[in-house]
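Close look at the chain arrangement
For reference, the chains in residue letters:
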Amino acid sequence: MNIVYYCKHCKSSLGALHDAQASPEALGFTSLSSDERADLIEYVASENTAYVKTVCEYCESALSEHPDLLLSQTPIQ
Ligand SMILES: [Zn+2]
């Protein structure tokens, strides 16, 4: 299966593994609760690809300096 990592904030791609000889279990995803896994990993069977949400260095540092940016994910109209 393919594994694509992307930043959940800015949606930038952080890397991808193609034809990874690994199951979700082998990647340690099973250490997460099923709720956490559902939140972090989106598996698209038709693409045989798992999309894994993570946070890029840029957003991580930005959020650590400006935690209030988290609120900007849901802009007030
Ligand atoms: Zn980012």
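Summary of the structure given here. No experiment lies behind these values; they were computed from the predicted model shown.

**Quick notes on the coordination of the zinc ion**
- Here the zinc ion is held by C7 (SG), C10 (SG), C56 (SG) and C59 (SG), and the distances to it run 2.2 to 2.3 Å.
- For the zinc ion, the four donor atoms are set out with angles of 105 to 114 degrees between them, so the coordination reads as tetrahedral.
- The sequence pattern describing where the donors of the zinc ion fall on their chain is C-x2-C-x45-C-x2-C. Each member of the pair C56 and C59 is classed as buried.

**Notes on the environment of Y5**
- With respect to the helices and strands, Y5 occurs in strand β1 (residues 2-7).
- Taking the relative accessible area as the measure of exposure, Y5 reaches 26% and is therefore partly exposed.
- Separated by 50 residues in the primary sequence, Y5 and V55 have C-alpha atoms spaced 9.1 Å apart.
- Beyond its immediate chain neighbours, meaning those up to four positions away, Y5 contacts S12, S13, L14, G15, L17, V52 and T54.

**Quick word on helix α2 (residues 57-65)**
- Among all positions of α2, only C59, A62 and L63 are buried. End-on view of α2: buried residues confined to an arc of 95 degrees, all on one side of the axis. In α2, those exposed residues whose orientation departs by more than 90 degrees from the buried face are E57, S64 and E65.
- Packed against the buried residues of α2 are β1.

**A look at the sheet that holds strand β4 (residues 49-54)**
- Sheet architecture is open: four strands sit in the order β2-β1-β4-β3, paired in mixed fashion. Two strands in the sheet have a free side with no partner beyond their single neighbour: β2 (13-17) and β3 (41-44). Shown here is a sheet whose adjacent strand axes are inclined to one another by a mean of 15 degrees, direction ignored.
- As judged from the four bridges shared by β1 and β2, these two strands associate in the antiparallel manner. Looking at the pairing, V4 lines up with A16 of β2.

About the thresholds
- Residues numbered from 1 in each chain as written.
- Predicted model: local features only at pLDDT ≥ 70, side-chain atom pairs only at ≥ 80, totals over all residues.
- Heavy atoms only, no water.
- Donors = N, O, S within 2.8 Å, 3.2 Å for Na, K, Ca; no water.
- Tetrahedral: all angles 85-135°; square planar, octahedral: opposite > 155°, others 65-115°.
- Buried < 20%, exposed > 50% of the residue type's maximum accessible area, 1.4 Å probe, protein only.
- Helix = DSSP H or I, 4+ residues; strand = E, 2+ residues; numbered from the N terminus.
- Contact = heavy atoms within 4.5 Å.
- Arc of directions from axis to C-beta.
- Pairing = 2+ DSSP bridges.
- Axes fitted to C-alpha atoms, helices over the stretch in contact; angles between N-to-C directions.

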